[in-house]
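Listed here are the chains, written in short residue letters.
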Amino acid sequence: MAKPINCPQVGQDIETAILVAWRVKAGEEIRKGDVIAEVESDKATFEVEAFASGTVVELLYEEGDEVKVLKPIAYIGESEEEVSKGETESTGNGEVKQPEPSPKHEVSNTREPTIAPKDRVFASPSARRIARKYDIDIASINGSGPRGRVIKRDVME
């Protein structure tokens with residue numbers, strides 16, 4: 001049975017994080033302790049490690065997506081295994097609950113689409129903080145992150 005890999009709780013009051021990068025692909029063999037992804041909160045970037053060895057069965061989000069903490073971001077299992085819609089997940093405190101539908105397939109019309117201003121620069125919080133500290137114009141930096149987002153490494157270079 002495939003088991004979920006949850007987004008870590010990256011701070012006490014943090015409810016969501018940005019999935020900055022996947023370090024694995026679906027179908028890839030991984031070992032316990034391998035870094036499978038990077039997530040970023042308002043304050044820092046964290047690595048997500050595999051809790052067990054196995055095969056990455058499914059990645060639920062794409063780079064740049066906002067994810068809820070303590071919710072599944074991927075599934076790990078045996079190489080031929082598929083994720084069953086009826087599987088349960090652990091909440092970490094001994095409780096077991098049914099998983100939510102895969103975020104890839106959810107459609108929500110509750111928000112009107114917004115158009116970002118042309119002068120808006122997409123940058124991670126840590127990149128903005130470093131740019132401010134060293135008085136660097138963040139708009140002059142080419143981003144190498146998901147969807148051209150300016151990340152810490154871009155500012156440091």
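Throughout what follows, the structure given in this document is the object of discussion. (Residues numbered from 1 in each chain as written. Predicted model: local features only at pLDDT ≥ 70, side-chain atom pairs only at ≥ 80, totals over all residues. Heavy atoms only, no water.)

Right, let's get into the sheet that holds strand β8 (residues 72-77). Reading across from one edge, β1-β8-β6-β3 is the order of the 4 strands in this open sheet, with antiparallel pairing throughout. At either margin of the open sheet sits one strand with a lone partner, and together these are β1 (3-6) and β3 (29-30). Pairing between β1 and β8: 4 bridges, direction antiparallel. Within β8, the position partnered with K3 by the bridge is I76. (Pairing = 2+ DSSP bridges. Helix = DSSP H or I, 4+ residues; strand = E, 2+ residues; numbered from the N terminus.)

Bringing the pattern of salt bridges into the picture now. Summed over the entire model, instances satisfying the criterion amount to 3 salt bridges. With a shortest N-O distance of 2.4 Å, R23 and E38 are connected by a salt bridge. Of the two residues, R23 sits in the loop between β2 (16-22) and β3 while E38 sits in strand β4 (residues 35-40), which places them 15 residues apart along the sequence. The exposure class of R23 is partly exposed, given its relative accessible area of 43%. One salt bridge in this structure joins R149 and E40, with 3.2 Å as the shortest N-O distance. Here E40 lies in strand β4 and R149 lies in the loop between α1 (125-133) and α2 (152-156), a separation of 109 residues in the sequence. With respect to class, R149 is no different from E40; both count as buried. Each of the salt bridges in this network shares a partner with another, and the network as a whole consists of R23, E38 and E47. (Salt bridge = Lys/Arg side-chain N within 4 Å of Asp/Glu carboxyl O. Buried < 20%, exposed > 50% of the residue type's maximum accessible area, 1.4 Å probe, protein only.)

Negative charge collects at one region of the surface, where E28, E29, D34, E49 and E78 lie side by side. Inspection of the secondary structure puts D34 in the loop between β3 and β4. (Patch = residues over 30% accessible without salt bridge, like charges linked within 9 Å, V, L, I, M, F, W, Y side chains within 5 Å. Areas by Shrake-Rupley, 256 points an atom, 1.4 Å probe, with all protein chains shown as cover. Lys, Arg positive; Asp, Glu negative; His and termini not counted. Charge placed at Lys NZ, Arg CZ, Asp CG, Glu CD.)

Here strand β6 (residues 54-59) lies mainly inside the structure; 6 of its 6 residues are buried. Pairing geometry for β3 and β6, over 2 bridges, is antiparallel. Within β6, the residue paired with I30 across the bridge is G54. Bridging between β6 and β8 involves 4 bridges; their strand directions are antiparallel.

Quick look at the sheet that holds strand β5 (residues 45-49) now. The strand order across the open sheet built from 4 strands is β5-β4-β2-β7, with neighbouring strands paired in antiparallel fashion. Of all the strands in the sheet, just β5 and β7 (66-68) have a single pairing partner and so form its edges. The sheet shows a mean angle of 45° between the axes of neighbouring strands, direction not considered. Relative to β7, β2 is paired through 3 bridges, and the arrangement is antiparallel. Bridge pairing links T16 to K68 in β7. (Axes fitted to C-alpha atoms, helices over the stretch in contact; angles between N-to-C directions.)

If you look at the biggest cluster of nonpolar residues, it comprises 26 residues, and the most contacted ones within it are W22, I36 and I73. Breaking this core down by element, the ones donating at least two residues are β2, β4, β6 and β8. Among the elements that make up this core, the one with the highest residue count is β8 (4 residues). By size, the runner-up hydrophobic cluster in this structure holds 9 residues, among which are V121, A123, A127 and A131. (Core = buried A, V, L, I, M, F, W, Y, C linked by side-chain atoms within 4.5 Å.)

So, about α1. Listed in full, the buried residues belonging to α1 are S126, A127, I130 and A131. Down the axis of α1, the buried side of the element spans an arc of 135°, and every buried residue falls inside it. Among the exposed residues of α1, those pointing more than 90 degrees away from its buried face are R132 and K133. Lining the buried residues of α1 we find β4, β5 and α2. Here α1 starts with a cap whose side-chain oxygen sits 3.1 Å from the backbone nitrogen of A127, and that cap is S124. D135 sits one or two positions beyond α1 and adopts a positive phi of about 55°. (Arc of directions from axis to C-beta. Contact = heavy atoms within 4.5 Å. Polar contact = N/O pair within 3.5 Å; in protein donor to acceptor, adjacent residues only side chain to side chain.)

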